[in-house]
Amino acid sequence: MSDTSYKTLKLERRGPVGWLLFNRPEALNAMNAAMREELAGAWLELDNDPDVRVIVHTGEGRAFQTGVDVAELASDGVGMERYRESMENWDLHFTAWHQKVAKPVITAVNGICAGGGFHWVADADVVIAADDAQFFDPHVSVGQVVAPEAIGLLRKMPFEAVMRMALVGRHERMPASRARELGMISEVVPAAELRTRAQELAETIAKNSPAAMAATKRALWGALESGLTEACRQGAKEVVSVWGHPDQDEGPRAWAEKREPKWAEPAKHDGAAR
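Note that this is a predicted model, so its numbers are computed, not measured.

S.K.: Describe the overall build of the chain, naming the residues involved and giving the relevant values.
M.R.: Check the secondary structure of the chain and you find 11 helices and 11 strands. Computed over the C-alpha atoms, the radius of gyration of the chain is 19 Å, within 12% of the 19 Å expected from 2.2 N^0.38 for a compact globule of 274 residues. Seen through its C-alpha atoms, the chain measures out along the principal axes to roughly 60 × 45 × 35 Å. A burial count over the chain gives 49% of its 274 residues as buried. Put simply, of all contacts in the chain between residues at least 6 apart along the chain, 71% involve residues at least 24 apart. Within the structure as shown, the chain displays about 13,700 Å² of accessible surface, and the carbon and sulfur contribution to it stands at 55%.

As structure tokens, then:
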């Protein structure tokens, strides 16, 4: 089923998997003001859909995402000023992490991922990529600063690898194979098989307890905000938070009876990821 209420995005449901697709292929999926606004609602729509257990994020055409729409900035007389207040207040709403999405999120990078496209690489739970994907950050090449996206990538990658990409700008591209070596992504697949593999991986993840996965996301993402001891204390609270939940009985029972578990319906989105 497809959702046609968006102009710059596509939302689809395939079994237990919700798909969120950038849909400005003629602009290499650059994020204009309209897309920025639509993303806020699209993430929450899928997160609140009881039939969706896992979300996959990718792009139409030959690019995954190429960041802010530079053509719009250069032609509308407003430029980056439209985003000043939201950036100064750190009040962003266009990634799954920004929107505190409770469900697992897989980013599937097709083709070019540049500049602001790294927001969605840094903020996903799992990232896979096509073997023809290319990664580069042209911010400094157009007079802009590299900051939030690269800071997010520092959770996954060595500092120097992130700094090199930030400083060489548009003059060097990283292939998918190297991105995997550096920990930016976890899997590289043939381009023609990217969506099939993303669906397969999402369906595998969807077999697990929604309540347990939401608590796991809270614990692990929360650990990035805290020191070791405090992160473990908070993680222990998440472990205990599902004790008494129906899935705690169903999981062991299904295992003992050698059948697939029948998980309880997940609770409505409550800001699990951040």
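Now that the structure is up, let's keep going.
S.K.: An account of the packing of aromatic side chains is needed here, citing residue identities and associated values.
M.R.: This structure, assessed with the given rule, holds six aromatic pairs. Ring centres of Phe22 and Trp120 lie 5.0 Å apart, and the angle between their planes is 80°; this geometry places the pair in the edge-to-face category. Of the two residues, Phe22 is situated in strand 3 (residues 17-22) and Trp120 in helix 4 (residues 118-122); the sequence distance between them amounts to 98 residues. Taken as a pair, Phe22 and Trp120 share a single burial class, namely buried. Seen in terms of ring centroids, Trp97 and Trp221 are 6.4 Å apart; in terms of plane orientation they differ by 25°. Their pairing is stacked. Here Trp97 is found in the loop between helix 3 (84-88) and strand 6 (105-109), whereas its partner Trp221 is found in helix 9 (residues 210-223), with 124 residues between them in sequence. Each of the two residues, Trp97 as well as Trp221, counts as buried. When the ring centre of Trp19 is taken as origin, the NZ or CZ atom of Arg14, which lies over that ring, is 4.1 Å away.

Reading the values: the criteria
- Residues numbered from 1 in each chain as written.
- Predicted model: local features only at pLDDT ≥ 70, side-chain atom pairs only at ≥ 80, totals over all residues.
- Heavy atoms only, no water.
- Helix = DSSP H or I, 4+ residues; strand = E, 2+ residues; numbered from the N terminus.
- Rg over C-alpha atoms; globule rule 2.2 N^0.38 Å.
- Buried < 20%, exposed > 50% of the residue type's maximum accessible area, 1.4 Å probe, protein only.
- Contact = heavy atoms within 4.5 Å.
- Areas by Shrake-Rupley, 256 points an atom, 1.4 Å probe, with all protein chains shown as cover.
- Phe/Tyr/Trp six-rings, centres within 6.5 Å; stacked < 30°, edge-to-face > 60°.
- Lys NZ or Arg CZ within 6 Å of the ring centre and 35° of its normal.

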